[in-house]
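# Structural description and commentary
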Amino acid sequence: MSKPPVIISGIQPTGNLHLGNYLGAIKRWVRMQDEGDCFFFLADLHAVTVYNDPAELRANIRAMAAALIAAGVDPARATLFRQAQVPAHAELCWLLNGTARIGWLNRMTQFKEKSGKNREGASIGLYAYPVLQAADVLLYQATRVPVGEDQKQHLELARDIAAKFNTDYGVALFALPEPIIGGPAARVMSLRDGQAKMSKSDPSDQSRINLTDDADAVAAKIRKAKTDPEPLPDDPALLDGRPEARNLIGIYAALADETPAAVLAKFAGQGFGTFKPALAELTVETLRPIKDMLDRLAADPGELDRLLGLGAERAREVAAPTLAKAYEALGL
Ligand code: TYM
């Protein structure tokens, strides 16, 4: 019998789980739990590439673990863990730093966005971030990586690093990972600006819907979301040049598990005065059970720590042989 595919993905435990993370990535994680051996982790080592208040980070780690479990990640079916509890991630990252090229990292758009005009003042960690991400994936011989569109470039880099390492050292050590991206929510945009992605780091909380927002907050954010005065068309192609309308239709489609065309068939000819309340209701109804469970789980930090501890134990076991082979390939 052939071995089931290894699936891996991570999320930074900074801020809240928002609708972009949920629809762009986590919903697919949950679905993929029956398709292979799944590893899902909190990228807490990635989080410290920028300054975080330590007490806040500690609280965010538990809150994100609770959010993932509430969203459907099942620690009995998937290995759920924190990166910082599996030292092999940091070790393999260092080994891969010898293979990753400065020229490759210079092309990473996320570093350019995050460092902005203050490149010289950005941390080394922020720059080397994608090498750690490559280590995350290669350590488990993962071939499938469910992510949002914004992570595609990082995974292409992981493939380049894996291929170069294998060639340089004459080994068939690392499997080449494939990003799994797609659907109407591969790139959920800000509610305030259809050209910017919905993000934890956007200073305006009005730009995103958090899984912890209550019904009133969700309704208010959707009511105030930027739109245009035109009625909705009957064909998704006619949303070209209307990024805000496209985004809201995409969110509705992803929440309802429908295609954008099916959503437009329901709302064609109507304005946002009709569509927005329908979207708000669907969002609140979809998030309600997740939020309820999140609140229950967050009340028991000891249990969250226990579950994360068990996950880390398994992750350490699975990661060990690949790390050992990487040392050996290098002559260490
Ligand atoms: P992070 O924490 O920014 O986001 C977690 C996941 O959510 C997706 N996502 C979105 N999808 C659609 N629309 C959006 N607006 C949106 N915002 C976020 C992201 O694509 C991601 O899938 N570097 C990663 C974490 C990471 C990782 C890894 C992922 C570390 N190591 C290894 C995969 C494999 C990150 O910062 O994701």
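Within each chain, residues carry numbers counting from 1 in the order of the written sequence. Only residues with pLDDT of 70 or above have their local features reported here, since the model is predicted, and side-chain atom pairs are shown and tallied only from 80 upward, although totals for entire chains, interfaces and linings are computed over all residues. Based on all heavy atoms of the structure, the side-chain values leave hydrogens and waters out of the count.

## Let's talk about the packing of aromatic side chains
The description of two aromatic rings rests on the distance between their centres and on the angle between their planes. Between rings of Phe, Tyr and Trp, where Trp is taken as its six-membered ring, a pair exists when centres lie within 6.5 Å; planes separated by under 30 degrees are stacked, by over 60 edge-to-face, and by other angles tilted. Throughout the structure, instances matching the rule amount to eleven aromatic pairs. Taking 5.1 Å as the distance between ring centres and 75° as the angle between the ring planes, the aromatic pair formed by Phe111 and Tyr127 counts as edge-to-face. Taken together, the positions of Phe111 in helix H6 (residues 109–115) and Tyr127 in helix H7 (residues 124–138) put the pair 16 residues apart, joining distant regions of the chain. For the pair shown, Phe111 and Tyr127 are each scored as buried. Grouped by ring-pair contacts, the aromatic residues Phe39, Phe41, Phe81 and Tyr140 constitute a single cluster. Only DSSP runs of H or I covering at least 4 residues are called helices, and only runs of E covering at least 2 are called strands; the numbering of each starts at the N terminus. Type-normalised accessible area, obtained with a 1.4 Å probe on protein chains alone, sets the label of each residue: buried when under 20%, exposed when over 50%, and partly exposed for intermediate values.

## Digging into helix H10 (residues 243–256)
For a helix, the expected span equals 1.5 Å multiplied by the residue count minus one. Look at H10: 20 Å from first C-alpha to last across 14 residues, which is about the 20 Å you get at 1.5 Å a residue. With eleven of 14 residues buried, H10 lies mostly within the body of the structure. Listing the buried residues of H10 in full gives Glu244, Ala245, Asn247, Leu248, Ile249, Gly250, Ile251, Tyr252, Ala253, Ala254 and Leu255. Summarising the contacts, the buried residues of H10 are in contact with helix H1 (19–32), helix H11 (260–267) and helix H12 (272–298). At the exit of H10 stands Asp257, carrying a positive phi of roughly 55°. Here, residues are in contact when the closest pair of their heavy atoms is within 4.5 Å.

## Side note on the packing of helix H3 (residues 54–71) against H12
A pair of packed helices is characterised by two quantities: the angle between their axes and the separation of those axes. Axis definition: a line fitted to C-alpha atoms, limited for helices to the stretch in contact. Angles are taken between N-to-C directions and run from 0 to 180 degrees. Direction vectors running N to C along H3 and H12 enclose 135°, while the axes themselves pass 8 Å from each other. Taken together, the axes of H3 and H12 lie oblique to each other. Between H3 and H12 lies a crossing of right-handed hand. Facing Ala66, Ala67, Ile69, Ala70 and Ala71 of H3, the residues of H12 in contact are Ile290, Met293, Leu294, Leu297 and Ala298. Ten residue types, Ala, Val, Leu, Ile, Met, Phe, Trp, Tyr, Cys and Pro, are classed as nonpolar, four, Asp, Glu, Lys and Arg, as charged, and the remainder, Gly among them, as polar. In the contact of H3 with H12, the residues fall into ten nonpolar, no polar and no charged. For this classification, under 35 degrees means roughly parallel, over 145 means roughly antiparallel, 65 to 115 means roughly perpendicular, and everything else is oblique. By convention, the crossing between two helices is left-handed when the near helix turns anticlockwise from the far helix through less than a right angle, and right-handed when the turn is clockwise.

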